[in-house]
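Here's the letter readout for the chains.
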Amino acid sequence: MDQERLIYLYQKYQAKQLTEAEREEWEAAVLDLSQDEAIQRLIDPEWRQAEEAPTALHPDEYERIYHYIISHAQQRNTHNRFRNWVPYAAALIFALGLGFFFLDNDPKIEKQQIAQTDILPGGNKAILTLADGRTIDLSAAQSGIIVGDQITYENGDMVAAIADGVPINNNLQLATPKGGTYQVTLPDSTKVWLNAESTLQYPVQFASDKREVSLTGEGYFEVAKDSKRPFLVSTAGQNVEVLGTQFNVTAYPNEPLTKTTLVEGRVKVSNRRSGVVHVLKPGQQGIAAGMDTHVKDVMATQFTAWKDGYFSFAETPFPEVLEQLARWYDIEIVYRQTPHQTFSGKMKRNAQLLSVLDFFEGSGIQFQLEGRKLIIK
């Protein structure tokens, strides 16, 4: 969507004059991660004006107020859908005093409680296992490693030398724990981003006829082009074959579905049990469930948002939302009853846990956080 159209929709949103079709178009733009910077430019002037006003509040209070508005906007939505904070920015600016009054009297989010019970988000954490079995706890101050004649961090600092005489087909392994993410640039210059609780195995050097890796968990691949050597990703449910493209693979062992989402290029996905093969186009997702396999059209950014530091949901069942939170915040989910709501929207993954849970207030779901255990009542 071009900037002129965004401005038009935003102005009509402020004036409360959007038609139903325009409202759907505006909400789709808000949910599209590629529009973030453009939308931010629209609201920045009003946001700065509010911050500079004589009654301006502390930045922490602005943050808490916007969570209040989000949660109460959700209460008014009969479909239990929450939206990104951007559409509510104007409402936030004009409701600062009243919003803070209600927020300050809400015992669920008092500062003292947040300080005592909140949980920090995940970050750069991973363990590298070398071909000889040695393990290295990678630096949290770095975001990725590069594999070549030796293994270095992205800034050039040494991680480990690759021992002479090690067979080129011996595998290295990069594994992230719960609450961890890391990147690796492979020997062919392919880049892989690993989400939390994921493992990538890859050789010291790729063979002359193919480039093959295996994945458990979730990874985003930006494959270097090489027409003579296809790139193969092996998971428990699917095999993925490409020459050069960008795609996301989700293959957690505790989830029934294996999903490959194509961002650009073309990939061939095959069900490892049935052998059924599909060729995906950009914006398509190949899904394997046991012997069954099918393809559907999706908004690819929803499934790659984690790489860019966001949670993104589109009519996502609440248990799936919680599973993502459990992996990123390294918490245990305990169900006393299973909720059936779905959610749509996006939020940054660098928020503390209680700030994220504020999004779900008003949904009728009751939470209780005990240490690293989140109880769904």
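Structure: above.
Worth saying up front: this structure is predicted, and the values here are computed from it rather than measured.

What counts and what doesn't
Residues numbered from 1 in each chain as written. Predicted model: local features only at pLDDT ≥ 70, side-chain atom pairs only at ≥ 80, totals over all residues. Heavy atoms only, no water. Helix = DSSP H or I, 4+ residues; strand = E, 2+ residues; numbered from the N terminus. Buried < 20%, exposed > 50% of the residue type's maximum accessible area, 1.4 Å probe, protein only. Contact = heavy atoms within 4.5 Å. Areas by Shrake-Rupley, 256 points an atom, 1.4 Å probe, with all protein chains shown as cover. 1 Å grid on protein atoms, 1.4 Å probe; cavity = no way out; pocket = protein on both sides within 12 Å on 5 of 7 lines; lining within 4 Å. Points joined across faces, edges and corners; volume = space filled by probe spheres on them. Nonpolar A, V, L, I, M, F, W, Y, C, P; charged D, E, K, R; others polar. Salt bridge = Lys/Arg side-chain N within 4 Å of Asp/Glu carboxyl O. Pairing = 2+ DSSP bridges. Axes fitted to C-alpha atoms, helices over the stretch in contact; angles between N-to-C directions. Phe/Tyr/Trp six-rings, centres within 6.5 Å; stacked < 30°, edge-to-face > 60°. Expected span 1.5 Å × (residues − 1). Arc of directions from axis to C-beta.

J.: Is there a simple way to explain the overall build of the chain in this structure?
T.: Counting its secondary structure elements, the chain contains ten helices and 24 strands. Buried positions account for 49% of the 377 residues belonging to the chain. Restricting the contact set of the chain to residue pairs at least 6 apart, pairs at least 24 apart contribute 53%. When the accessible surface of the chain is summed, it comes to about 18,400 Å², and 48% of that surface belongs to carbon and sulfur atoms.

J.: Would you mind showing me how to read the layout of surface pockets here?
T.: If a probe as big as a water molecule is rolled over the atoms, it shows which places are left empty. Volume-wise, the largest pocket comes out at about 700 Å³. Lining of the largest pocket is provided by 32 residues; of these, Glu-255, Lys-259, Phe-303, Glu-320 and Gln-324 occupy positions nearest its centre. Among the secondary structure elements, those contributing two or more residues to the lining of the largest pocket are β18 (284–289), β19 (292–297), α8 (300–304), β20 (310–317) and α9 (318–329). In terms of residue count, the dominant contributor to the lining of the largest pocket is β20 (eight residues). Of the residues contributing to the lining of the largest pocket, the split by class is 14 nonpolar, nine polar and nine charged.

J.: When you look at the pattern of salt bridges in this model, what are you seeing that I'm missing?
T.: A side chain with one charge may pair with a side chain of the opposite charge, provided their charged atoms come close. Taken as a whole and judged by the stated rule, the model has ten salt bridges. The closest approach of N and O atoms between Asp-188 and Arg-211, which form a salt bridge, is 2.6 Å. One end of the pair, Asp-188, is in the loop between β8 (180–185) and β9 (191–194); the other, Arg-211, is in strand β11 (residues 211–222), with 23 residues separating them in the sequence. Looking at Asp-188, the relative accessible area reads 12%, which means it is buried. Taken together, the shared-partner salt bridges connect Glu-255, Glu-323 and Arg-327 into one network.

J.: Explanation requested: the sheet that holds strand β24 (residues 373–376) in the structure shown.
T.: Sheet strands pair via backbone hydrogen bonds, and the direction of the pair is either parallel or antiparallel. Taken in spatial order, the three strands make up an open sheet running β21-β24-β23, and their pairing is mixed. Taken across any chain shown, the strands that pair with only one partner, and hence form the sheet edges, are β21 (332–335) and β23 (367–370). Strand-to-strand twist across the sheet, computed as the mean angle between neighbouring axes with direction ignored, equals 20°. Each of β21, β23 and β24 touches α9; the most contacted strand, β21, lies at about 150° to it.

J.: How do you make sense of the packing of aromatic side chains when you look at a structure like this?
T.: Given two aromatic rings, one states the distance between the centres and the angle between the planes to describe the pair. Using the criterion set out here, one finds eight aromatic pairs in the structure. Consider the rings of Trp-193 and Tyr-220, whose centres lie 5.5 Å apart with planes at 75°: the pair is edge-to-face. With a gap of 27 residues between them, Trp-193 in strand β9 and Tyr-220 in strand β11 connect regions that are remote in the sequence. Its relative accessible area of 13% is what places Trp-193 among the buried residues. When its relative accessible area of 4% is taken as the criterion, Tyr-220 is described as buried.

J.: How do you make sense of helix α1 (residues 3–14) when you look at a structure like this?
T.: Its twelve residues place the ends of α1 16 Å apart at the C-alpha level, agreeing with the 16 Å of an ideal helix rising 1.5 Å per residue. Every buried residue of α1 is accounted for by Leu-6, Leu-9, Tyr-10, Lys-12 and Tyr-13. Seen end-on, α1 carries its buried residues on one side only, within an arc spanning 165°. Count one or two residues on from α1 and you reach Lys-16, which has phi positive near 55°.

J.: Quick question: what am I supposed to make of the environment of Asp-157 here?
T.: Tracing the backbone shows Asp-157 in the loop between β5 (150–153) and β6 (158–161). Sequence separation between Asp-157 and Gln-142 is 15 residues; the distance between their C-alpha atoms is 9.8 Å. Those residues in contact with Asp-157 that lie beyond four places of it in its chain are Gln-142 and Thr-152.

J.: Explanation requested: unusual backbone geometry in the structure shown.
T.: The phi angle at Ser-189 is positive, at roughly 80°, despite the residue not being glycine. Its location among the elements puts Ser-189 in the loop between β8 and β9. Assessed through its relative accessible area of 48%, Ser-189 is described here as partly exposed. Although it is not a glycine, Glu-197 sits at a positive phi angle of roughly 55°. Position of Glu-197 among the secondary structure elements: in the loop between β9 and β10 (198–203). Using a relative accessible area of 35% as the deciding quantity, one classes Glu-197 as partly exposed.

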